[in-house]
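Residues per chain are reported as follows:
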Amino acid sequence: MNTRTAPTRDFHSLLEKSRQCSRYARRVLQADPSLLDWLRDHYSTPCNRAGILTLLELSGLNLADEVQLTKAVRVVRKQIMVKLILRDLNGLADLDEVMQTMTALAEICVRHAQSCLMGILQAQFGIPIGEHSQTPQQLLVVGMGKLGGGELNVSSDIDLIFVYAEDGETRKTHEQDNNRTLSNHEFFTRLGQRLIGIINEPTADGYVFRVDMRLRPYGDSGPLVMSFSALEEYLISQGREWERYAWIKARVIAPAPASSEAELTRLTQPFIFRKYLDFGAIDSMRKLHVQIRQEELRRDRKNNIKLGPGGIREIEFTAQVFQLIRGGRDARLRIRPTLSVLQQLAQDSQLPSATIAGLEIAYVFLRNLEHRLQYLDDQQTQDIPEQAEDRALLALGMGHVSYEAMLAQLDHHRELVHQQFENIFRAQQAESGDVEIWRDGISHKGLERHLKDLGYRRDSESADRLMQLRTGNRYQQLPEMSRQRVDQLIPKFIKHCAQQPDPDTTLSRMLSLLDGIIRRSAYLAFLAEYPVAMQRLCKLLSASSWAGKYLTFHPALFDELLDAREIYRMPDWQRIDADISARLADSKDDVERQMDSLRHIQQEQIFHLLAMDLQDLLPLEKLSDHLSDLADLMLRHVLDLCWANARKKHHEAASFAIIAYGKLGGKELGYESDLDLIFIYDDAHPDAPENYARLAQRINTVLSSYTSAGRLYETDLRLRPNGASGLLVTSVAAFAEYQRNQAWVWEHQALTRARFSAGNASIGLAFENIRKELLCLEREPMALRNEILTMRAKMFDGHPNPSGLFDIKHDRGGMVDIEFIVQYLVLAHAHRYPQLTQNIGNLALLELAGELDLIPFELALQVGDLYRTLRKTQHTMRLNHQPPCRIDRAAVDTAACLQLWERVFA
């Protein structure tokens, strides 16, 4: 007896709070005493989809009958509502249970209604058949808004859109010959109208959900149902920016599963998510929010916790603007629930983790408060009531001792939300003087005067550039919004460039970049929205014209300027590798998109390295190591993708390796270095030569071809056996035989900088063993010396320099001389000192040769310092487009190199 009374007494206290905080629950329970008995028996078990289905099955009503189904779903709705109210108000259910239960209730009711009506209408008019596919058609019910996102609130309406795949007409059975047929459009219109009635129309048992169809194409004035082709045409030709926002959460909720859902997703995704980073979405959503806010102010609803300042809508907009901007490039953001989006933004470091945590807490608080507002009378409201009694009930339902205490908490959350919203959506204001600098009708002299006052030294030349822009066709023919953004940007360009060491050169580079992106409104929007990024851009271009060229070709990299913590973070190749794998998995069914993802990732990492380089955060040797590691990573993923998608392959894993020579092999890669590669395999299968030749060709094509996303690398495959006339791929055995018996000395010189880069590690080890064997062969010193001197003379003759300046790379005493010295020392002495075969770079090999007493140690260090200086000078000149790299002969002392050359080759 005692085991029953304690739970009963506990139930009564829970029930009392429910009746106190919900007039709706009190009315329903008074009207139907049997509901109270049911609630007493079931309140302790969580609400879920399975429970709702069970309630419908146990209703005793015929769910295939329209009238009885209409009654059944209303009765079940009451049961679910009173149970949720009791569980939620008494802390037995969390927000997720409430939202998931209401979403499941809507889906189940809509699915049953759709199934019931399909059966009724098919019995009357036949089965709707697609005119092209000649297959049965279904009405797809698309849930929008909170229903689509799985976040439905307790007294919400449900936003629906009705679509079907193909036009056509119904096809009757022999028994139906006397009934007329309908077009698919008319059939589904009738079904849609009656479905709305089952869910929406009030009866003696109440209603299930209010149905809102205004999000469909053309709104209230549009057709109730629409075919896929008509929907696609509408989205392409007439879809508005706010509809992109609305479609983010769209999800087919009936029938389940829907065979045409994938086709619908394919149709709508390009409309919602742009292929590029769409920074224009910020201004579009800002304008939409202003319209909503103005309407709320007109209706005096500042206490609305959904649409007012710091309300639920501002959290949703904050999450969704990142989806619209980045969802085209990052499939991980194509998700629906608001909290899930916020968590993804935290993982992607798009917003600080503390900010995300604050928004998540505020969202849960606001949604819980929204439900308690709606529990009062089962009304769709988000307005804080004026009556003191209702306010006290809200505080009680939220677990606060008073309304004032609850209000303080509410104000705290709303202030945090609104502040973050303003940080993202606040429009940038023009600074004083901006209009005067770039006003209509300004003369060349007036512009020149402004520039001179700001510190420009070639003010007339810079004014010429600006006037050419203003009067040019590209500027004049811009759409009005783009022209306004350019007008907003130019004064800021002028002011930021004035703060750089050479304002005129920096402005010229900035204007060249602007000329390259001026027709791409998303990037104009980015620069207008993010002044901090513009400042960083000015500094980069001031330091390097190559950076400006790179950004002009790849303006999507503007996005990388937003977070200084990320852009100056040393690369974590393990993390980057995992990120590559995740992004490739997101587009596993689209090979071209996967290849473009690799291009985007490579460009992002090059840009991060460039930014650190220009801030002197990376020594040149470390920069080259990172660029080489990046190339290795790209080669590995390209190889894996090409083999995975090969039309013909004889093994699951390729017995194939990519060998790097030259700059990549020696880990001295620069930003624009090409990749010297050869391809080898070790596989006795008869199909191996043909299959690996195709693989190599595909790898080379992927690496070197230009697409809209750019190019990965320029490649050079001429170092393979027999050069350009040789086979594209070589077996390990054939490679070893060629190198032992047919290779020229210069090919063995190249081997000193060769290494395994990607592919089968066992083949890489076999290559390394062959390389060491060949480098350790004992050679006749005089013959070796003559061969190398002959090759050096050919190279010198091939790069004449009549300028009177010193060519850093090719002149006597330059980089090529130092590299030839190192290669000679390896080939001449590795048979006695095999440690010389290590691929440790020219600087380390020079020092090692000094330690081995092959050359004077101090001289080795001096030549190493010279090599480092020459590389650094070459690198700096290339960053500012100064090829060929020639300098005043007095600017560098090459005596150490010339002395070592004479000592080694005399």
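Throughout, a residue's number is its position along its own chain's written sequence, starting from 1. Local features in this predicted model are restricted to residues whose pLDDT is 70 or higher, and side-chain atom pairs enter the listing and the counts only when it is 80 or higher, whereas totals over whole chains, interfaces and linings include all residues. Excluding hydrogens and water, the side-chain values take into account all heavy atoms of the structure.

### Details of the overall build of the protein
Now for step 1: When you go through the protein residue by residue, the secondary structure sums to 40 helices and 14 strands.
Now for step 2: Overall, the protein is about 110 × 75 × 70 Å in size when its C-alpha atoms are taken along their principal axes.
Now for step 3: For the exposure calls, accessible area comes from a 1.4 Å probe over protein chains only, and a residue counts as buried if that area is under 20% of its type's maximum, exposed if over 50%, partly exposed in between. Relative to its full complement of 906 residues, the protein shows a buried share of 55%.
Now for step 4: Taking all contacts inside the protein whose residues are at least 6 apart in sequence as the whole, residues at least 24 apart take part in 74%.
Now for step 5: When the accessible surface of the protein is totalled, it reaches about 39400 Å², and 50% of it is carbon and sulfur. We count a stretch as a helix when DSSP gives it H or I for four or more residues in a row; a strand needs E for two or more, and each element gets its number in order from the N terminus. Only heavy atoms matter for contacts: two residues are in contact if any of them lie within 4.5 Å across the pair. The protein chains shown are the only cover counted for residues, whose accessible areas, like all others here, come from Shrake-Rupley with a 1.4 Å probe.

### Section: the pairing of strand β3 (residues 158-164)
Now for step 1: Of all the seven residues making up β3, seven are buried; the element is thus mostly covered by neighbouring parts of the structure.
Now for step 2: Judged by which residues are buried, β3 turns out to be covered on both faces: Ile158, Leu160, Phe162 and Tyr164 on one side and Asp159, Ile161 and Val163 on the other are all buried.
Now for step 3: We treat two strands as partners when DSSP finds at least two bridges between them. With four bridges joining them, strand β2 (residues 140-143) and β3 adopt antiparallel strand pairing. Residue Gly143 lies in a different strand from β3, and its bridge partner there is Leu160.
Now for step 4: In the sheet, β3 pairs with strand β5 (residues 211-212) via two bridges, with the strands oriented parallel. When the sheet's bridge partners are listed, Asp159 is paired in β5 with Asp212.
Now for step 5: Alignment of β3 against strand β6 (residues 225-227), held across three bridges, turns out to be parallel. Residue pairing across strands places Tyr164 opposite Ser227, the latter belonging to β6.

### Quick notes on the pattern of salt bridges
Now for step 1: Criterion for a salt bridge: a side-chain nitrogen of Lys or Arg within 4 Å of a carboxyl oxygen of Asp or Glu. As enumerated under the stated definition, the model contains 57 salt bridges in all.
Now for step 2: Note that Lys549 is salt-bridged to Glu672, the shortest N-O span being 3.8 Å. Separated by 123 residues along the polypeptide, Lys549 in helix α26 (residues 545-553) and Glu672 in the loop between α31 (662-665) and β9 (675-681) bring together distant segments of the chain.
Now for step 3: Its relative accessible area of 34% is what places Lys549 among the partly exposed residues.
Now for step 4: In this structure, Arg868 engages Glu621 in a salt bridge whose closest nitrogen and oxygen atoms are separated by 3.1 Å. Of this pair, Arg868 sits in helix α39 (residues 857-878) while Glu621 is found in helix α30 (residues 620-644), placing the two residues 247 residues apart along the sequence.
Now for step 5: Bridged by salt links that share partners, the residues Arg329, Asp330, Arg332, Asp348, Asp579, Arg583 and Glu604 form one connected network.

### Concerning the packing of aromatic side chains
Now for step 1: Only Phe, Tyr and Trp rings take part, Trp by its six-membered ring, and two of them pair if their centres are within 6.5 Å. Stacked means planes under 30 degrees apart, edge-to-face means over 60, and tilted covers everything else. This structure, assessed with the given rule, holds 20 aromatic pairs.
Now for step 2: Ring centres of Trp546 and Tyr550 lie 4.9 Å apart, and the angle between their planes is 20 degrees; on these two criteria the pair is classed as stacked. With Trp546 and Tyr550 both in helix α26 and four residues apart, the pair spans about one turn of that helix. This pair shows no difference in class: Trp546 is buried, exactly as Tyr550 is.

### Focus: the nonpolar core
Now for step 1: Put simply, a nonpolar core is a bunch of buried Ala, Val, Leu, Ile, Met, Phe, Trp, Tyr and Cys residues held in one set by side-chain atoms that sit within 4.5 Å of each other. If you look at the biggest cluster of nonpolar residues, it comprises 165 residues, and the most contacted ones within it are Trp247, Ile490, Phe493, Phe656 and Ile699.
Now for step 2: Core analysis: the second largest hydrophobic core is formed by 69 residues, Leu39, Cys47, Ala113 and Phe187 among them.

### Re the confidence of the model for the protein
Now for step 1: Every residue gets a pLDDT, meaning the predictor's confidence in that residue, from 0 to 100. Residues at a pLDDT of 70 or more form 96% of the protein, whose mean pLDDT is 92.
Now for step 2: Counted against residues more than four places away or in other chains, residues 1-8, with its pLDDT under 50, gives one contact.

### Quick look at the packing of helix α28 (residues 573-586) against helix α29 (residues 591-614)
Now for step 1: Where α28 contacts α29, the two axes come as close as 10 Å, and the packing angle between them is 150 degrees. By the angle between their directions, the pair α28 and α29 is classed as roughly antiparallel. Every pair of crossing elements has a handedness; the one defined by α28 and α29 is right-handed. Of α29, the residues touching α28 (which contributes Ile576, Ile580, Arg583 and Leu584) are Gln594, Ser597, Leu598, His600, Ile601, Glu604 and Gln605.
Now for step 2: In terms of residue class, the contact of α28 with α29 is built from five nonpolar, four polar and two charged. Axes, fitted as lines to C-alpha atoms, cover a helix only where it is in contact. Angles between the N-to-C directions of the axes lie from 0 to 180 degrees. With respect to orientation, any angle under 35 degrees is reported as roughly parallel, any angle over 145 as roughly antiparallel, any angle of 65 to 115 as roughly perpendicular, and every other angle as oblique. Each crossing is labelled by how the near helix is turned from the far one, with a counterclockwise turn of less than a right angle marking it left-handed and a clockwise turn marking it right-handed. Three residue categories are used. Nonpolar comprises Ala, Val, Leu, Ile, Met, Phe, Trp, Tyr, Cys and Pro, charged comprises Asp, Glu, Lys and Arg, and polar comprises the others, including Gly.

### A word on the state of the cysteines
Now for step 1: Defined by distance alone, a disulfide is two cysteine sulfur atoms within 2.5 Å. For the coordinates displayed, the defined rule picks out zero disulfides.
Now for step 2: Free cysteine: Cys497, not disulfide-bonded; nearest cysteine sulfur from Cys538 at 3.9 Å.
Now for step 3: Among the residues examined, Cys497 registers a relative accessible area of 0% and is labelled buried.

### Quick word on helix α4 (residues 49-57)
Now for step 1: Buried residues of α4: Ile52, Leu55 and Leu56, and no others. On an axial view of α4, the arc spanned by its buried residues comes to 100 degrees, and they lie on one face.
Now for step 2: On its buried face, α4 sits against α3 (33-42), α5 (66-89) and α6 (95-125). The directions from the helix axis to the C-beta atoms form the arc being described.

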